Amino acid sequence: MSPQAAAAVFTPRSMAALTEVCELAPLPVLDDLTAARAKEVLADVEVLVTGWGCPPLDADVLAAAPALKAVVHSAGSVRGHVTDACWERGIAVSSAAAANALPVAEYTLAMILLHGKHVLERARDFRRERERGDWLLTSHEVGNYRRTVGILSASLIGRRVIELLRPFDFEVLLHDPYVSDEEAKELGAEPVTLPELFTRSDLLSVHTPLLPTTTGLVSRELLSSMRPGATLINTARGAVVDQDALTDVVRAGRVRAVLDVTDPEVLPADHPLWNCPNALITPHLAGSQGAEWQRLADTAVGEVTRWAAGDGFAHPVRRERLAFLA
């Protein structure tokens, strides 16, 4: 992983925990797997702990690591570094995606509740007018009671959001073509078609992984079909949504947007969404940050501990599931 990722995620306590269950290669961490030192270290490695900034584990790297049997990833997606060569060699792979899903789901819940209450707009008006106004004249469009929340994809994050919504008085809809109607109901959501998800939801949260089949999935037609004043929340990947179409419906005042991701990831300085009062853009902060990095480290240490004990991984990544994973 990159030195920055190592310093952020793996505290001295985490490193000490690793040394209790394995013989840990000396620091610094490896960030160039073609360097002479990397090849020397890889020659004896059985388990590789990876993180953000890990180079691809291609055939040449694997040739330098004849003893490698497992990869424990201390972040989410393994697509950037676990190559076909890893799967073909039968290397076991684990990911901390489940741990990273938790803060994203928490962020999503917070945004659902805040936007249901129209907090940002009302706080802006209060700051401008310095007057509370007659609260008994509040529109019935404001508030969270019996609102309809749509979840696009029952990913790890999507499932956690549904779980977090249970204590509240929401009607929860779910669209996921890989989830049966029975499973959706067991999760606590009503299964619906993709068009129905967009036409019925007051707040719609996108949790679809970015795959060739999901690029631009949230189309102009779907966005235009949303209820006036509905909110779209995207914590997945920007390219899942047609950015131009979203910009148009937000600028027209038809849809409110909470965007932790965009396409491109950082919008140009002159992009019109920056100046839309009904758009909240955050810098991809929903995932693990700060104190939450410790959860990733704890998950990775736990997986190495299980592997060393011969128990297998608690959070394995299966090759056959790659078509559905971010």
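Every value quoted in this text rests on a predicted model; they were computed, and no experiment measured them.

**Regarding a nonpolar patch on the surface**
- Judged by side-chain polarity, Leu114, Val119 and Leu120 come together as a nonpolar surface patch covering roughly 200 Å² of accessible area.
- Following the sequence through the fold, valine 119 ends up in helix α7 (residues 119-129).

**Observations regarding the side chain of serine 2**
- With respect to the helices and strands, serine 2 occurs in the segment before α1 (3-9).
- Looking at serine 2, the relative accessible area reads 17%, which means it is buried.
- Every residue in contact with serine 2, bar those within four places of it in the chain, is listed here: Val29, Asp31, Trp52 and Gly53.

**Brief notes about the sheet that holds strand β2 (residues 70-73)**
- Strand order in the open sheet formed by 3 strands is β1-β2-β3, with parallel pairing between adjacent strands. Of all the strands in the sheet, just β1 (47-50) and β3 (92-95) have a single pairing partner and so form its edges. With direction set aside, neighbouring strand axes in the sheet form an average angle of 15 degrees.
- Contacts from helix α13 (residues 293-308) reach β1, β2 and β3 within the one sheet, and its direction differs from that of β2 by about 160 degrees.

**Quick look at helix α8 (residues 156-165)**
- Listing the buried residues of α8 in full gives Ile157, Gly158, Val161, Ile162, Leu164 and Leu165. Within α8, the buried residues cover an arc of 165 degrees as seen down the axis, which keeps them to one side.
- Structurally, α8 contributes buried residues whose contacts are with α6 (97-116), β4 (147-152), β5 (170-175) and α9 (181-187).

**Topic: the packing of helix α2 (residues 12-19) against α13**
- Contact geometry for α2 and α13: axes closest at 10 Å, N-to-C directions at 5 degrees. Comparing the axis directions of α2 and α13 gives the class roughly parallel. Here α2 contributes Arg13, Ser14, Ala17 and Leu18 to the contact with α13, which in turn contributes Gln294, Ala297, Asp298, Val301 and Val304.
- Within the contact of α2 with α13, the residues separate by chemical class into 5 nonpolar, 2 polar and 2 charged.

**A few points about the UniProt feature "domain: D-isomer specific 2-hydroxyacid dehydrogenase NAD-binding" (unreviewed entry) in the protein**
- As recorded in UniProt, the sites labelled "domain: D-isomer specific 2-hydroxyacid dehydrogenase NAD-binding" (unreviewed entry) are residues 120-286.
- Across residues 120-286, helical content stands at 29% and strand content at 19%; the span's end C-alpha atoms are separated by 18 Å.

**Quick word on the UniProt feature "domain: D-isomer specific 2-hydroxyacid dehydrogenase catalytic" (unreviewed entry) in the protein**
- Using the residue numbers shown here, the UniProt feature "domain: D-isomer specific 2-hydroxyacid dehydrogenase catalytic" (unreviewed entry) corresponds to residues 27-317.
- Note that residues 27-317 is 35% helix and 15% strand, and that its end C-alpha atoms are spaced 27 Å apart.

**Observations concerning unusual backbone geometry**
- Cis geometry is adopted by the peptide bond preceding proline 28, which originates at leucine 27 and carries an omega value of 5 degrees.
- Assignment of secondary structure puts proline 28 in the loop between α2 and α3 (36-42).
- Between aspartate 263 and proline 264 the backbone carries a cis peptide bond, its omega angle lying at 5 degrees.
- With respect to the helices, strands and loops of the structure, proline 264 is situated in the loop between β9 (255-259) and β10 (279-281).
- Even without a glycine there, the phi angle at arginine 130 is positive, about 55 degrees.
- For arginine 130, a relative accessible area of 65% corresponds to the exposed category.
- With a phi angle near 95 degrees, serine 153 is a residue other than glycine that sits in the positive phi range.
- In this fold, serine 153 is placed in the loop between β4 and α8.

**What to know about the pattern of salt bridges**
- Evaluated as defined, the whole model comprises 14 salt bridges.
- Between arginine 227 and aspartate 202 there is a salt bridge whose closest N-O contact spans 2.9 Å. With a gap of 25 residues between them, arginine 227 in the loop between α11 (220-224) and β8 (230-234) and aspartate 202 in the loop between α10 (194-200) and β7 (203-206) connect regions that are remote in the sequence.
- With relative accessibility at 33%, the residue arginine 227 sits in the partly exposed group.

**A word on the sheet that holds β5**
- A sheet is described by the order of its strands in space; here 7 strands give the open sequence β6-β5-β4-β7-β8-β9-β10, paired in parallel fashion. Looking at the sheet topology across the chains shown, the edges are occupied by β6 (190-191) and β10.
- Inspection of the sheet shows β7 paired to β8 by 4 bridges, in the parallel sense. Within β8, the residue paired with leucine 203 across the bridge is threonine 231.
- Contacting β4 and β5, α8 crosses the sheet at an angle of about 160 degrees to β4.

What counts and what doesn't
- Residues numbered from 1 in each chain as written.
- Predicted model: local features only at pLDDT ≥ 70, side-chain atom pairs only at ≥ 80, totals over all residues.
- Heavy atoms only, no water.
- Patch = residues over 30% accessible without salt bridge, like charges linked within 9 Å, V, L, I, M, F, W, Y side chains within 5 Å.
- Areas by Shrake-Rupley, 256 points an atom, 1.4 Å probe, with all protein chains shown as cover.
- Salt bridge = Lys/Arg side-chain N within 4 Å of Asp/Glu carboxyl O.
- Helix = DSSP H or I, 4+ residues; strand = E, 2+ residues; numbered from the N terminus.
- Buried < 20%, exposed > 50% of the residue type's maximum accessible area, 1.4 Å probe, protein only.
- Contact = heavy atoms within 4.5 Å.
- Pairing = 2+ DSSP bridges.
- Axes fitted to C-alpha atoms, helices over the stretch in contact; angles between N-to-C directions.
- Arc of directions from axis to C-beta.
- Parallel < 35°, antiparallel > 145°, perpendicular 65-115°, else oblique.
- Nonpolar A, V, L, I, M, F, W, Y, C, P; charged D, E, K, R; others polar.
- UniProt positions renumbered as here; feature names shortened; annotations may be inferred.

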